[in-house]
Amino acid sequence: MRGVLQRLLLWTVLLGAVLPGMTGCASRTSLTGEPYRLTMPALETALEHTRVQAVQVDGALRLGFVNDNEYLWFGVSPLDVHEEDGVAIWLTELHIHERLRRPPRRARPVTVLDDDEVAVILRDMIGWLTPHEPEQGLALQLRRRELVSWRDEQGGLHILPWPEVPPSVTLVERMDDRQLAVRMLSLLQDMNANSEAPLFGPMLFTLTPDQPGALGWIYADPEAGELLYVLSPAEGADAREPMLRVSLKTLDRVVVRSHFLTFLKNPVTTVRRLFGHVEDAVVSVARRGPEAIDPQAPLHEGPGMDLEAWEHRLDALTGHHRYPGELTFLVGGDVFFPELVERIHAAQKSVDIRTYIFDNDEYAVQLADLLRARSDDIRVRVMMDDLGSMMAGLTPPPEGYGPGFQPPSDMVRYLRSGSAVQARRVGNPWLTGDHAKLTLVDRDVAYVGGMNYGAEYRYHWHDMMVRVEGPVVGRLQTEFDRAWAHAGPGGDLAYLIRSLRLPRLEVTEMPDGMAPVRVLRTRSGQREILRAQLAAIASAQRYIFIATPYFTEPDVINALLAARARGVDVRVVLPGEGNHGVMNSANLFTANQLLAGGVRMFIYPGMTHVKAAIYDGWASFGSANFDRLSFKMNQEINLATSDPATVSALKDVLFMPHFAISQELLAPLAWTWSDYVAGILSRPL
């Protein structure tokens, strides 16, 4: 048990840098066309037979690899840096162009710690940071585990995974991995300052042999107040499943489940989705360009659209009303997932999850284990898109898998195994899917947004969920119940019965602290989200802000160009490092087209998966991308409101930070013929 705890501490506490990573299918690796970071499989293989040494030369780190008395030394190249509580945090990578046979004589040795030494130091540090009062816990939101440390009545220190923590422990403080690393380095600095001679010099934690392609080493220098995260070489695609196995799994799901079996229970919606494809193909032939293009049109300085009249127009456009609700924006996986885990722990009656992807990486399995444990006491229902979850499960997360971890091959079976979890797959006729992300706890609180269940959303990507409370949760619960019935054996018939139970509640008076919230959907035969967005673009007078990871819908692109021509301030944020090569190329052409029409284009540094928009004070946000699949074919859920406080909050927590840290395009992006081909391939998406 002691050895397991040591390994757990070693791998969870130190992994604190959010690494840039993508999985692309083809074509462009990033929107700007910059190449991936260096990969060195040969060096990674060689590291298995070497030991690592480290020195400090004029304050700079040098790593040496020793094998049979032969030495090879490398420097490190900085990739990114920021300061937090007086500590400089660097993200670096091995610099192979700077090779040395031996370091200079003035080099200062750096202590290289082995696993046992690291575990002892980490346990001591966590002990110093843990509250001294008994049963008061410190929650550690870490890369691979959610740990809690606390003391018992005798003062003994305990560090356990969250599901194993006794109910008597009360969480009084929370730290993520980076905050913990900073606090630990600050402690070492204080101890050095209070001692006649420094107790702690520079230290290197070596992690590479167990985790290729991610964090190889962590270098801590208490004297300089620096933390360096050093990327090790990556193995590339060796960890992916063999192509034959992928093809067979895809054939099973796409042909057998998503068409034959799905058609048997859902004949109406399956045929309707096929007609949707045909309809859009016919319409695209006759589609015209934008009404006008004027990139130099002066910005409109008059009032924005009449929001009260706009909401009445939406009542007629969508055929349903608004509901009272309290909305809280949760930006980032480190904000959303810890809260979600707490809610699941505290649930008294039920947890309902509807997601596009329930991944099979370590974090997703940890969430699945929590749901399995809670299913002994409460009702737990999970539905996931079949093809989306399968494709996500074929590729490991950016940091790879931990030592000894074997991802489950089927998350539905894993959730059901040895538990009372009810889990269902959603089929994919004609390559459409259930892209909605909706989680409900005790029918009292809901979460809607862009995040799926997996490590990318917890640690790597920029994304947003919205906590929803109030009567509108009942409306969202009905949406879940209807989708759950449709995914079950009753199919279309069960879907119809559930649809007839939809409550009708028109807002007349708003409870204090709540706002009128509208639920918008894309589903078979209904395109509420697209119709609302197009109407909002046509009505906007002052400004339009949009953030989306995928932007290919030509009707929206043309409408935005026309809006800019009449003086609307139009701004669009796209990811600099999308997760699909084809969609990166498609975004390139969209960015160039909008830029030529006077739209201000912002490139977010990394992968942003947020889907949100504001039109003159009316906001829409949720699961729908600005592409054909989300607007016309998939199942999607967005929320919308014109409440001034809510819209202002969305600006403050999302759009203003986006504009501040993104790179604004001032000239068209360069493209290649492969981008052109990929752009053509992306048109059906």
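Residues numbered from 1 in each chain as written. Predicted model: local features only at pLDDT ≥ 70, side-chain atom pairs only at ≥ 80, totals over all residues. Heavy atoms only, no water.

**Q** Where do I start with a nonpolar patch on the surface in this structure?
**A** Where nonpolar side chains cluster on the molecular surface, the patch consists of V271, L274, F275, V278 and W430 and spans about 410 Å² of accessible area. Along the polypeptide, W430 turns up in the loop between β17 (422-426) and β18 (438-441). Overall, the relative accessible area of 33% leaves W430 in the partly exposed class. (Patch = residues over 30% accessible without salt bridge, like charges linked within 9 Å, V, L, I, M, F, W, Y side chains within 5 Å. Areas by Shrake-Rupley, 256 points an atom, 1.4 Å probe, with all protein chains shown as cover. Salt bridge = Lys/Arg side-chain N within 4 Å of Asp/Glu carboxyl O. Helix = DSSP H or I, 4+ residues; strand = E, 2+ residues; numbered from the N terminus. Buried < 20%, exposed > 50% of the residue type's maximum accessible area, 1.4 Å probe, protein only.)

**Q** Please explain the nonpolar core as it appears in this structure.
**A** Side chains of nonpolar character tend, in soluble globular proteins, to be buried together. In this structure, F336, F337, F358, L371, V382 and L415 are the most contacted members of the largest nonpolar core, which totals 45 residues. Mapped onto this core, the elements with two or more residues apiece are β8 (146-151), α8 (333-346), β15 (350-355), α9 (362-374), β16 (379-385), α11 (411-416), β19 (445-449) and α12 (455-460). Of all the elements, α9 adds the most residues to this core, at 6 residues. If we skip the residues at most four places from it in the chain, L415 touches F358, A368, L371, R372, V382, M384, V421 and A423. (Core = buried A, V, L, I, M, F, W, Y, C linked by side-chain atoms within 4.5 Å. Contact = heavy atoms within 4.5 Å.)

**Q** I tried to follow α8 on my own but got confused; where do I start?
**A** One turn of an α-helix holds 3.6 residues; hence residues three or four places apart share an orientation. Compared with the 20 Å implied by 1.5 Å per residue over 14 residues, the 20 Å span of α8 between its first and last C-alpha is a close match. Residues of α8 that are buried include every one of G333, F336, F337, P338, E339, L340, V341 and I344, and no others. (Expected span 1.5 Å × (residues − 1).)

**Q** Looking at this structure, I do not really get unusual backbone geometry. What am I missing?
**A** What is expected of a backbone is that most residues other than glycine have negative phi and most peptide bonds are trans. One non-glycine residue, D58, lies in positive phi territory at about 55°. Looking at where D58 falls in the secondary structure, it is placed in the loop between β1 (51-57) and β2 (60-67). Owing to a relative accessible area of 60%, D58 belongs among the exposed residues under this scheme. Phi at D616 is positive, roughly 50°, even though this residue is not glycine.

**Q** Would you mind showing me how to read the pairing of strand β24 (residues 569-575) here?
**A** The side chains of a regular strand alternate, residue by residue, between the two faces of the sheet. Taking burial as the measure, the 7 residues of β24 include 7 buried ones, the bulk of the element. Sheet topology places strand β23 (residues 543-547) next to β24; 5 bridges connect them, and they run parallel. If you follow F545 over to β24, its bridge partner there is R571. What joins β23 to β24 is helix α16 (residues 554-565), and the crossover it makes is right-handed. Sheet topology note: the β24/strand β25 (residues 600-604) ladder contains 5 bridges and is parallel. Each residue of the ladder has a partner; that of V573, found in β25, is F602. (Pairing = 2+ DSSP bridges. Right-handed = clockwise from strand over helix to strand, strands pointing away.)

**Q** Explanation requested: the sheet that holds strand β7 (residues 136-141) in the structure shown.
**A** Whenever strands of a sheet pair, they do so through backbone hydrogen bonds, lying parallel or antiparallel. Pairing in this open sheet of 4 strands is mixed, and the strands run β9-β8-β7-β10 from one edge to the other. Among the strands making up the open sheet, the edge pair consists of β9 (157-161) and β10 (170-176). Adjacent strand axes in the sheet meet at a mean angle of 25° when their direction is disregarded. In the sheet, β8 pairs with β9 via 5 bridges, with the strands oriented antiparallel. Bridged to R151 within β9 is L157. (Axes fitted to C-alpha atoms, helices over the stretch in contact; angles between N-to-C directions.)

**Q** For this particular structure, what's the right way to read the pairing of β15?
**A** By the criterion of burial, β15 is predominantly enclosed, with 6 of the 6 residues buried. A two-sided burial pattern is seen for β15, the buried positions comprising S350, D352 and R354 on one face and V351, I353 and T355 on the other. Across 6 bridges, the pairing between β15 and β16 is parallel. Bridging from a neighbouring strand, T355 pairs with M384 of β16. Between the parallel elements β15 and β16, the chain passes through α9 in a crossover that is right-handed. Across 4 bridges, the pairing between β15 and β18 is antiparallel. Following the sheet pairing, V351 is matched in β18 by V441.

**Q** Would you mind showing me how to read the packing of α8 against α9 here?
**A** The description of two packed helices rests on the angle between their axes and on the distance between the axes. Axis separation between α8 and α9 bottoms out at 10 Å; the angle between their running directions is 15°. When the interaxial angle is binned, α8 and α9 end up roughly parallel. In this structure, α8 crosses over α9, and the sense of that crossing is left-handed. Every residue of α9 that contacts α8 at F337, V341, I344, H345 and A346 is listed here: Y363, L367, L370, L371 and R374. The class makeup of the residues in the contact of α8 with α9 is 8 nonpolar, 1 polar and 1 charged. (Parallel < 35°, antiparallel > 145°, perpendicular 65-115°, else oblique. Left-handed = near helix turned anticlockwise from the far one by under 90°. Nonpolar A, V, L, I, M, F, W, Y, C, P; charged D, E, K, R; others polar.)

**Q** Even after reading the chapter, I still don't get the packing of aromatic side chains, so can you show me in this structure?
**A** Both the distance between ring centres and the angle between the ring planes are used here to describe each pair of aromatic rings. Taken as a whole and assessed by the stated rule, the structure comprises 18 aromatic pairs. Look at F602 and F659: their rings are 4.8 Å apart centre to centre, the planes differ by 45°, and that puts the pair in the tilted class. Here F602, found in strand β25, pairs with F659, found in helix α19 (residues 644-661); they are 57 residues apart in sequence, far enough to count as distant. Neither F602 nor F659 differs from the other in exposure class; each is buried. Through successive ring pairs, a cluster of aromatic residues spans F336, F337, F358, Y363, Y447, Y453 and Y459. Here the basic side chain of R372 rests over the ring of Y414, its NZ or CZ set 4.3 Å away from the ring centre. Cation over ring: R571 sits above F659, and NZ or CZ is 5.1 Å from the ring centre. (Phe/Tyr/Trp six-rings, centres within 6.5 Å; stacked < 30°, edge-to-face > 60°. Lys NZ or Arg CZ within 6 Å of the ring centre and 35° of its normal.)

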